[in-house]
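Residue-level structure breakdown
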Amino acid sequence: MNEIWLADAEATDALGAQLARTRPADAVVHLHGDLGAGKSTLARALLRALGVRGAIRSPTYTLVERYPLADGGEAWHLDLYRIADAGELEFLGLDGAEVRLWLVEWPERGVGALPAADLTVDLAMQGGGRRARLLAGTAAGEAWLGRLAGLAGPARPAPGQGVAPDS
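Here's what I pulled together on the structure shown here. (Residues numbered from 1 in each chain as written. Predicted model: local features only at pLDDT ≥ 70, side-chain atom pairs only at ≥ 80, totals over all residues. Heavy atoms only, no water.)

As a further point, take unusual backbone geometry. Backbone geometry at Trp106 places phi at a positive 60°, although glycine is not the residue there. Inspection of the secondary structure assignment puts Trp106 in the loop between strand E5 (99–105) and strand E6 (119–126). Accessibility expressed as a relative area gives 12% for Trp106, which makes it buried. (Helix = DSSP H or I, 4+ residues; strand = E, 2+ residues; numbered from the N terminus. Buried < 20%, exposed > 50% of the residue type's maximum accessible area, 1.4 Å probe, protein only.)

Another point: the environment of Gly129. Inspection of the secondary structure assignment puts Gly129 in strand E7 (residues 129–136). Here the alpha-carbon distance between Gly129 and Ala7, two residues 122 residues apart in the chain, equals 4.4 Å. Apart from the residues lying within four places of it in its own chain, the contact partners of Gly129 are Trp5, Leu6, Ala7 and Ala124. (Contact = heavy atoms within 4.5 Å.)

On to helix H1 (residues 9–22). Here H1 spans 20 Å end to end across 14 residues, near enough to the 20 Å set by a 1.5 Å rise per residue. Of all the residues in H1, the buried ones are Ala11, Thr12, Ala14, Leu15, Gly16, Gln18, Leu19, Ala20 and Thr22. Those residues of H1 that are buried lie in contact with strand E1 (2–6), helix H2 (39–49), E6, E7 and helix H3 (139–149). (Expected span 1.5 Å × (residues − 1).)

Here the focus is H3. Turning to H3, its buried residues are Gly141, Trp144, Leu145 and Leu148. Relative to the axis of H3, the buried residues are bounded by an arc of 95° and lie together on one face. Turned more than 90 degrees away from the buried face of H3 sit Ala139 and Glu142, all of them exposed. Residues of H3 that are buried in the fold lie against E1, H1, strand E2 (27–32), E6 and E7. Its side-chain oxygen placed 3.3 Å from the backbone nitrogen of Ala140, Thr138 serves as the N-cap of H3. (Arc of directions from axis to C-beta. Polar contact = N/O pair within 3.5 Å; in protein donor to acceptor, adjacent residues only side chain to side chain.)

This part is about the packing of aromatic side chains. For the coordinates displayed, the defined rule picks out 2 aromatic pairs. With a centroid separation of 5.2 Å and 65° between ring planes, the pair formed by Trp76 and Trp102 is classed as edge-to-face. Highlighted residues: Trp76 in strand E4 (residues 74–79) and Trp102 in strand E5, separated in sequence by 26 residues. When its relative accessible area of 9% is taken as the criterion, Trp102 is described as buried. Aromatic pair Tyr81 and Trp106: ring centres 4.9 Å apart, planes at 55°, arrangement tilted. Of the two residues, Tyr81 is situated in the loop between E4 and E5 and Trp106 in the loop between E5 and E6; the sequence distance between them amounts to 25 residues. Residue Tyr81 is classed as partly exposed on the basis of its relative accessible area of 30%. (Phe/Tyr/Trp six-rings, centres within 6.5 Å; stacked < 30°, edge-to-face > 60°.)

Shown next, in the form of structure tokens:
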């Protein structure tokens, strides 16, 4: 696990850009955190860094927003906050054949109907910023975290924490 301190919106954008630069060809990201913790902000930054142009809407009411990726396929940004159970996802037509990147907010509400997470990002407000914990769920996620750790940039350890793998 990696823990990163995001002091401000620019640091969140930088993390999104770093995730975009280091992502595998196909990836599933589960975004956890309370309302207002920055899940949509991080997803938007990642999508922008992947070259998505135009409006990047929060899927709060639509449940899913689809974006074409410059390198082919689509990114799907899901917000499952408003669903009662995973069975409701069946009506969204989430076959996923063309999906290269899944960004799923509130994934616990879709358990059993979603692909497993390569990377889980837990976001929490802490002091004047945010704490982001990144946890790999697959071998692809482990490799992703390894590539991410190799980048230098504005993402810093949370005060008193450190950015080191944790078993």
